[in-house]
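What the coordinates show
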Amino acid sequence: MNVTLAVKQYISKMIENSGPGMKVLLMDKETTSIVSVVYTQSEILQKEVYLFERIDSQSRDNMKHLKAICFLRPTKVVYLFDIFGKYIFPIYLNILQYIIFPVWSEIKALAEADEQEVVAEVQGRSWEPTLLPRTTQGLTSVLLALKKCPMIRYQLSSDMAKRLGESVKQIITKEYELFDFRKTEVPPLLLIMDRSDDAITPLLNQWTYQAMVHELLGLNNNRIDLSRVPGISKELKEVVLSAENDEFYANNLYLNFGEIGTNIKNLMEDFQKKKPKEQQKLESISDMKAFVDNYPQFKKMSGTVSKHVTVVGELSRLVSERHLMEVSEVEQELACQNDHSSASQNVRRLLQNPRVSELDAVRLVMLYALRYERHSSSILPGLMEELNRKGVSERHRRMVTSMVEYGGKRVRGSDLINPQDAVAITKQFFKGLKGVENVYTQHAPLLQETLDQLIKGRLKDSQFPYLGPSSLRDRPQDIIVFVIGGATYEEALAVYNLNRTMPGVRIVLGGTTIHNTKRSESSTAPRDLL
């Protein structure tokens with residue numbers, strides 16, 4: 001199951017349906033992001049799409065020679081009224097419109113506004129969602145793109161998970177013809193979880209390439225803003241990291257930081273070998289032809305080397321500047337060990353270090369508050385005072401209390417901190433005996449254990465009941481996981497490893513956001529992230 005490929009095929013079909021000829025693609029803010037993630041500009045140009053415009057653009061030329069393909073959210077359909085209303089003659093040859101989750105009242109209004117009858121066709125997801133949240137629309141779109149009609153299990157401790165499951169189920173029941181896909185021997189499964197069941201995972205620094213880039217630099221629609229990097233060149237102020245179009249990134253996104261450094265060195269050495277020598281002479285037609293044939297590949301490799309050397313260099317600078325290795329070691333101790341005395345001393349020591357950033361300090365105290373929420377010797381008031389002395393803003397200090405309210409013991413439906421299940425206790429015991437190979441990667445997200453239990457048929461109905469009377473008798477094969485409150489790249493790594501090591505099982509992970517510290521910083525309370 002590949003969501004990126006499914007969306008790409010949908011957009012390709014959309015373009016093919018318009019027939020031959022030059023085209024303009026009209027998009028809104030959200031659909032622009034969707035297209036930019038799955039297509040490069042050169043790829044879409046090959047499909048005769050020569051112009052890209054935002055539907056809310058204030059200036060638009062009359063271009064009757066172009067076919068317009070509109071790919072919009074239903075809330076943006078209103079902008080088309082202006083196109084029809086302001087001009088006596090159509091500004092495009094014809095308009096083929098695709099609406100994600102069309103609202104029929106808006107389509108009717110659109111038809112009435114189309115006095116010149118320039119709309120050739122309207123296609124979209126043919127149901128009328130009444131008061132469904134945006135999350136339900138997005139999740140159901142993914143199910144349709146993947147051609148899956150799943151059974152649904154939800155986290156019992158979360159009312160939000162149950163409501164989302166019921167909304168999706170309502171759409172599937174109402175629009176059963178849309179979901180009438182070829183039956184499989186084992187039905188697909190949609191597993192809906194709530195972030196509040198594991199608030200610890202988003203608070204941990206990660207050390208894989210993709211996760212570090214998102215945490216320290218910010219990854220938005222595969223783009224990274226490097227404009228604040230000291231001495232950055234103009235062409236590298238914004239770079240694109242896409243596993244679809246960048247072979248080095250695709251091969252390294254799940255590797256740890258140490259391995260990335262070695263692979264960057266190997267990439268540089270390979271580049272040096274392929275670099276044209278300055279003294280190379282083009283003495284014959286064959287020499288010139290070989291140079292021209294090899295130059296695009298060399299140019300592409302040159303851009304790849306420059307991009308990744310810059311990104312890894314900036315990651316290394318930030319790790320050193322913010323003492324992140326020392327911070328991360330204490331984070332892992334808080335998440336995985338049970339030594340209150342040692343944890344208390346280490347957290348206090350780092351809070352007193354002036355080079356530890358405000359957000360890193362708050363994150364450490366959040367982890368302590370979640371881990372030792374009801375410990376008889378808790379030093380949380382003292383740590384809050386340390387934050388105050390460090391000059392941490394009141395807004396950030398309040399986030400500690402908000403985090404406990406969001407993901408504390410009272411809210412959780414799982415045994416996140418102290419497992420009561422005999423199997424889980426045994427695993428924890430043997431892990432302690434064996435030790436860990438890397439102190440920075442001790443933690444495993446709760447999602448990993450949940451999926452492991454699901455695949456082995458051990459996930460309890462009392463924790464994750466089915467929505468409806470039916471239940472799976474066989475091991476699930478296609479699993480769509482959705483995390484209300486957002487997923488993390490650590491969880492994406494866990495899903496990647498399960499897909500790699502579990503033959504016959506295919507898992508897709510989604511959520512309302514992909515977490516990093518800056519995203520958490522934007523809200524005073526974790527629940528606002530929804």
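A brief look at the structure comes next. Here the structure is a predicted model, which is why all the values come from computation and not from measurement.

Criteria and cut-off values
Sequence order as written defines residue numbering, which begins from 1 separately in each chain. With pLDDT at 70 or above as the cut-off, local features in this predicted model cover only qualifying residues; side-chain atom pairs require 80 or more to be listed or tallied, and sums for whole chains, interfaces and linings still use all residues. Side-chain calculation: all heavy atoms of the structure are included, whereas hydrogens and water are not. Here a strand is any run of E in DSSP of at least two residues, a helix any run of H or I of at least four, and the numbering for each starts at the N terminus. Any residue under 20% of the maximum accessible area for its type is buried, any over 50% is exposed, and the rest in between are partly exposed; the area is computed with a 1.4 Å probe on protein chains only. Whether two residues are in contact is decided by their heavy atoms, any of which lying within 4.5 Å being enough. Only the protein chains shown count as cover for residues, and the accessible areas themselves come from Shrake-Rupley with a 1.4 Å probe. Two strands are said to pair when DSSP picks up at least two bridges between them. Under this scheme, a helix contributes an axis fitted over its contacting stretch, all axes are lines through C-alpha atoms, and angles between N-to-C directions fall in the 0 to 180 degree range. A pair of aromatic rings is counted whenever rings of Phe, Tyr or Trp (Trp by its six-membered ring) have centres within 6.5 Å, and the orientation is called stacked for planes under 30 degrees apart, edge-to-face for over 60 and tilted otherwise. Our definition puts a charge over a ring when NZ of Lys or CZ of Arg is within 6 Å of the ring centre and also within 35 degrees of the ring normal. Orientation is classified from the angle alone, with under 35 degrees giving roughly parallel, over 145 giving roughly antiparallel, 65 to 115 giving roughly perpendicular, and any other angle giving oblique. Amino acids outside the nonpolar list (Ala, Val, Leu, Ile, Met, Phe, Trp, Tyr, Cys, Pro) and the charged list (Asp, Glu, Lys, Arg) are all regarded as polar, and Gly is one of them. Pairs of N or O atoms are called polar contacts if they sit within 3.5 Å, as long as, within protein, a hydrogen donor faces a hydrogen acceptor (for residues adjacent in sequence, only side-chain-to-side-chain pairs). Joining through side-chain atoms within 4.5 Å is the link that ties buried Ala, Val, Leu, Ile, Met, Phe, Trp, Tyr and Cys residues into a set, and such a set is a nonpolar core. Only protein atoms enter the 1 Å grid used here. Points where a 1.4 Å probe fits but cannot escape make up a cavity, open sets with protein on both sides within 12 Å along at least five of seven lines make up a pocket, and a residue lines them when an atom lies within 4 Å of a point. Grid points are joined across faces, edges and corners, and a volume is the space filled by probe spheres set on the points. By definition, a salt bridge exists where a carboxyl oxygen of Asp or Glu is found within 4 Å of a side-chain nitrogen of Lys or Arg.

1. Regarding the overall build of the chain
A count of helices and strands for the chain gives 20 helices and 11 strands. Each of the 530 residues in the chain was classed as buried or not, and the buried ones make up 46%. If you take every contact in the chain between residues at least 6 apart in sequence, the share linking residues at least 24 apart comes to 80%. For the chain, the accessible surface area stands at approximately 27300 Å², while carbon and sulfur atoms represent 50% of it.

2. Some remarks on the sheet that holds strand 6 (residues 151-154)
With parallel pairing, the 4 strands of this open sheet are ordered in space as 6-7-10-11. The strands lining the two open edges of the sheet, one partner per strand, are strand 6 and strand 11 (506-511). If you compare each strand with its neighbour and ignore which way they point, the axes differ by 20° on average. Relative to strand 7 (residues 189-194), strand 6 runs parallel, the two sharing 4 bridges. Bridging across to strand 7, M151 finds its partner in L189.

3. Let's talk about the packing of aromatic side chains
Geometry of an aromatic ring pair is reported as the spacing of the ring centres plus the angle between the planes. For the coordinates displayed, the defined rule picks out 6 aromatic pairs. Taken together, a centroid distance of 6.2 Å and an interplanar angle of 70° make the contact between F179 and F181 edge-to-face. With respect to class, F179 is no different from F181; both count as buried. For R371, the ring lying beneath its charged end belongs to Y372, and the centroid distance is 5.1 Å.

4. Side note on the packing of helix 1 (residues 3-16) against helix 2 (residues 29-38)
It is at 9 Å that the axes of helix 1 and helix 2 come closest, and there the two elements cross at 110°. Considering the angle they form, helix 1 stands roughly perpendicular to helix 2. For the pair formed by helix 1 and helix 2, the contact residues are T4, V7, K8 and I11 on the first element and I34, V35 and V38 on the second. When the residues that make up the contact of helix 1 with helix 2 are grouped by side-chain class, the tally is 5 nonpolar, 1 polar and 1 charged.

5. Comments concerning the pairing of strand 10 (residues 478-484)
Most of strand 10 is tucked away: 7 of the 7 residues are buried. Because side chains alternate across strand 10, one face comprises the buried residues D478, I480, F482 and I484, and the other comprises I479, V481 and V483, equally buried. Note that strand 7 and strand 10 share 6 bridges and pair parallel. Each residue of the ladder has a partner; that of D194, found in strand 10, is I484. Two elements, strand 10 and strand 11, share 6 bridges in a ladder whose sense is parallel. Paired with I479 across the bridge in strand 11 is I507.

6. Things to note about the side chain of N516
In this structure, N516 sits in the loop between strand 11 and helix 20 (517-521). Here the side chain of N516 touches H214 through a polar contact of 2.6 Å, landing on its backbone oxygen.

7. A few points about the nonpolar core
One finds Y209, V213, I224, L226, V311 and L315 to be the most contacted residues of the largest nonpolar core, which totals 33 residues. Contributing elements (two or more residues each) for this core: helix 8 (209-217), helix 9 (247-252), helix 10 (257-274), helix 11 (285-321) and helix 19 (489-501). Of all the elements, helix 11 adds the most residues to this core, at 7 residues. Excluding residues within four positions of it along the chain, I224 makes contact with V213, L217, G218, L219, K237, E238, V239, L241 and V311. Grouped together as the second largest cluster of nonpolar side chains are 32 residues, I200, A343, L364 and Y368 included.

8. Notes on the environment of V404
On the secondary structure map, V404 appears in helix 16 (residues 394-407). In sequence terms V404 and A369 are 35 residues apart; their C-alpha atoms lie 6.8 Å from each other. Not counting residues up to four positions away in its chain, the partners in contact with V404 are A369, L370 and E373.

9. What to know about empty space enclosed by the protein
A full pass over the atoms with the stated rule returns 6 cavities of 30 Å³ or more. Roughly 120 Å³ of volume is contained in the second largest cavity. If you trace the second largest cavity, you find 13 residues lining it, with L204, Q206, E215, T488 and H515 closest to the centre. Where the lining of the second largest cavity is concerned, the elements lending two or more residues are helix 8 and helix 19. Broken down by class, the residue content of the lining of the second largest cavity amounts to 4 nonpolar, 7 polar and 2 charged.

10. Things to note about the pattern of salt bridges
On inspection of all chains with the given rule, the structure shows 22 salt bridges. The salt bridge partner of E215 is R363, with a shortest N-O separation of 3.3 Å. One end of the pair, E215, is in helix 8; the other, R363, is in helix 14 (residues 358-371), and 148 residues separate them in sequence. Accessibility assignment for this pair places E215 and R363 in one class, buried. The salt bridge involving R223 is made with E238; its shortest N-O contact spans 3.8 Å. You can see R223 sitting in strand 8 (residues 223-225) and its partner E238 sitting in strand 9 (residues 238-240), a full 15 residues away along the chain. Through salt bridges that share partners, E215, R322, E331, D360 and R363 make up one connected network.

11. Some words on the environment of L367
With respect to the helices and strands, the residue L367 is situated in helix 14. Look at L367 and you get buried, because its relative accessible area is 1%. Put simply, L367 and V347 are 20 residues apart on the chain and 9.8 Å apart in space, counted from C-alpha to C-alpha. Excluding residues that lie within four positions of it along the chain, L367 makes contacts with I200, L203, L204, E331 and L334.

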